[in-house]
Amino acid sequence: MMKTNETSARQQMHQNITAYWVTQLMGAAARLGVADQLELGTLPVGELAARVGAHPQALYRALRACAAVGVFTEQPGHAFANNALSQTLRSNVPGSMRDLAIAQSASGHWRPWELLTKAIKSGESTAREALGRDLWDWYRGHSEESAAFTGAMDNLAAQVAAEVTQAIDFSRVGRVVDVGGANGTLVSAVLRAFPDTRGVLLDLAHVVERVKKTLAAIGLAERCEAVAGDFFQAVPRGDVMLLKQILHDWNDEQCTVLLRNCAESLSRGGRVLVVEMLISEDGRPCAAHLTDVNMLVLLPGRERTATEYGQLFAEAGLKLERVHPTQSPFSIVEAVKG
């Protein structure tokens, strides 16, 4: 007879092996907008299927499976309602995970993971082989997927933005530069919290055109300039550089080039604030370990320890000052210009 701990181990391994089923369920529910349709209350699956354009029986089977892992609640009569977990799949709510579910289950992220074994053997990203181009080129050619990825990054930025403004005093900062700032979630939070500070957002040209409209809509266009450029070539001048989930995309040599550009454009005594998940120094399990493998398959980058970021700073003429933990999965790694 199989021992209880052996049974438990097999059950846990089964969950690990089939975890991708759940990923795709979350992605499908997010794309269909099921949680948004249930915003006002319970709906029978027939009406819900009509609203989201799905086959009623197939939708029922999918939502029943979602409910089995705690997402949505099944009610009598083949009806469904939102619960705490499914609420996070609603769009345009604080902390929304809808865009993340779509991006992680879409081709740009999904296909390179199919070649994980090859990535482990070679030590190289499998994105180009899986997608026919690198990830950023893939997104340029797939606007809907790109929008989901950008939305996911914005939602992650929103999680940590308030903590950045609480941990760091920007009151004497004249000009803060959000390097690769996407939709400007982080720099916007800083400017709202510190009305005497001005901002610059640096990103690619197609991103900047969209950001200008966003800044105008939230009343920050006069205080924040959106600049198109390549941060491997040059970075606008400023007193503080913000880099949220930028360095983990790139290898050490590329990071050093970027950080040197930041250092050259910093005023005397200026700072660089790197917002990233950190690998634990003592090897304790942490969220960054899985994200690190995501970087392995998708990009040339990696997650790092605070000590490793300190080494990158030193190569670029910067000095690691301190690490600010947050309530989110991210830490704020602060460096000063030496």
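Keep in mind it's a predicted model, so treat the numbers as computed, not measured. (Residues numbered from 1 in each chain as written. Predicted model: local features only at pLDDT ≥ 70, side-chain atom pairs only at ≥ 80, totals over all residues. Heavy atoms only, no water.)

Side note on unusual backbone geometry
Moving on, step 1. Phi is positive for H78, close to 55°, though the residue is something other than glycine.
Moving on, step 2. You can see H78 is positioned in the loop between strand 2 (73–75) and strand 3 (79–81).
Moving on, step 3. A positive phi angle is found at N92, which is not glycine, with a value near 55°.
Moving on, step 4. Take N92: it is sitting in the loop between helix 6 (84–87) and helix 7 (98–105).
Moving on, step 5. Taking the relative accessible area as the measure of exposure, N92 reaches 78% and is therefore exposed. (Helix = DSSP H or I, 4+ residues; strand = E, 2+ residues; numbered from the N terminus. Buried < 20%, exposed > 50% of the residue type's maximum accessible area, 1.4 Å probe, protein only.)

Considerations on the packing of aromatic side chains
Moving on, step 1. Going through the model one piece at a time under the given rule, you end up with 10 aromatic pairs.
Moving on, step 2. Taken together, Y20, W21 and W110 form an aromatic cluster joined through their ring pairs. (Phe/Tyr/Trp six-rings, centres within 6.5 Å; stacked < 30°, edge-to-face > 60°.)

Quick notes on the sheet that holds strand 2
Moving on, step 1. Taking strand neighbours across the sheet as the criterion, the three strands line up as 1-3-2 in an open arrangement whose pairing is antiparallel. The two strands at the open ends of the sheet, each matched to only one other strand, are strand 1 (43–44) and strand 2.
Moving on, step 2. Here strand 1 pairs with strand 3 via two bridges, running antiparallel. Note on strand 3: the bridge partner recorded for L43 is F80. (Pairing = 2+ DSSP bridges.)

Here we look at the sheet that holds strand 9 (residues 318–325)
Moving on, step 1. With mixed pairing, the seven strands of this open sheet are ordered in space as 6-5-4-7-8-10-9. Taken across any chain shown, the strands that pair with only one partner, and hence form the sheet edges, are strand 6 (224–228) and strand 9. Averaged over all pairs of adjacent strands, the angle between strand axes in this sheet comes to 20°, irrespective of strand direction.
Moving on, step 2. In this structure, strand 4 (residues 175–179) lies alongside strand 5 (residues 198–203), joined through five bridges in parallel fashion. Bridge pairing in strand 5 places R175 opposite R198.
Moving on, step 3. Docked against the sheet, helix 13 (residues 185–193) engages strand 4, strand 5, strand 6, strand 7 (238–244) and strand 8 (266–276), running at close to 165° with respect to strand 4.
Moving on, step 4. In this fold helix 15 (residues 252–265) packs onto strand 4, strand 7, strand 8, strand 9 and strand 10 (331–337), with an angle of close to 145° to the strand it touches most, strand 8. (Axes fitted to C-alpha atoms, helices over the stretch in contact; angles between N-to-C directions. Contact = heavy atoms within 4.5 Å.)

A short note on the nonpolar core
Among soluble globular proteins, nonpolar side chains are generally buried collectively.
Moving on, step 1. The biggest cluster of nonpolar side chains holds 35 residues, and the ones touching the most others in it are L48, L59, L63, F72 and L89.
Moving on, step 2. When sequence neighbours within four positions are dropped, the list of residues in contact with F72 reads A29, V34, A35, L38, L63, C66, A67, F80, A81, N82, N83 and S86. (Core = buried A, V, L, I, M, F, W, Y, C linked by side-chain atoms within 4.5 Å.)

Considerations on the packing of helix 8 (residues 107–114) against helix 16 (residues 287–298)
When two helices pack together, their arrangement is given by the angle between the helix axes and the distance between those axes.
Moving on, step 1. For the pair helix 8 and helix 16, the least separation of the axes is 9 Å and the interaxial angle reads 90°. The pairing of helix 8 with helix 16 is recorded here as roughly perpendicular in orientation. In contact with G108, H109, P112 and W113 of helix 8, helix 16 contributes V293, N294, V297 and L298.
Moving on, step 2. Among the residues making up the contact of helix 8 with helix 16, the classes are represented as five nonpolar, three polar and no charged. (Parallel < 35°, antiparallel > 145°, perpendicular 65-115°, else oblique. Nonpolar A, V, L, I, M, F, W, Y, C, P; charged D, E, K, R; others polar.)

Quick word on the pairing of strand 7
Moving on, step 1. Within strand 7, six of the seven residues are buried, which leaves the element mostly enclosed by the surrounding structure.
Moving on, step 2. Bridge count for strand 4 against strand 7 is three bridges, and the pairing is parallel. By the bridge assignment for strand 7, V176 is matched with V240.
Moving on, step 3. Here six bridges tie strand 7 to strand 8, and the two strands are oriented parallel to one another. Residue L243 lies in a different strand from strand 8, and its bridge partner there is V274.
Moving on, step 4. Of the crossover connections in this fold, the one passing from strand 7 over helix 15 to the parallel strand 8 is right-handed. (Right-handed = clockwise from strand over helix to strand, strands pointing away.)

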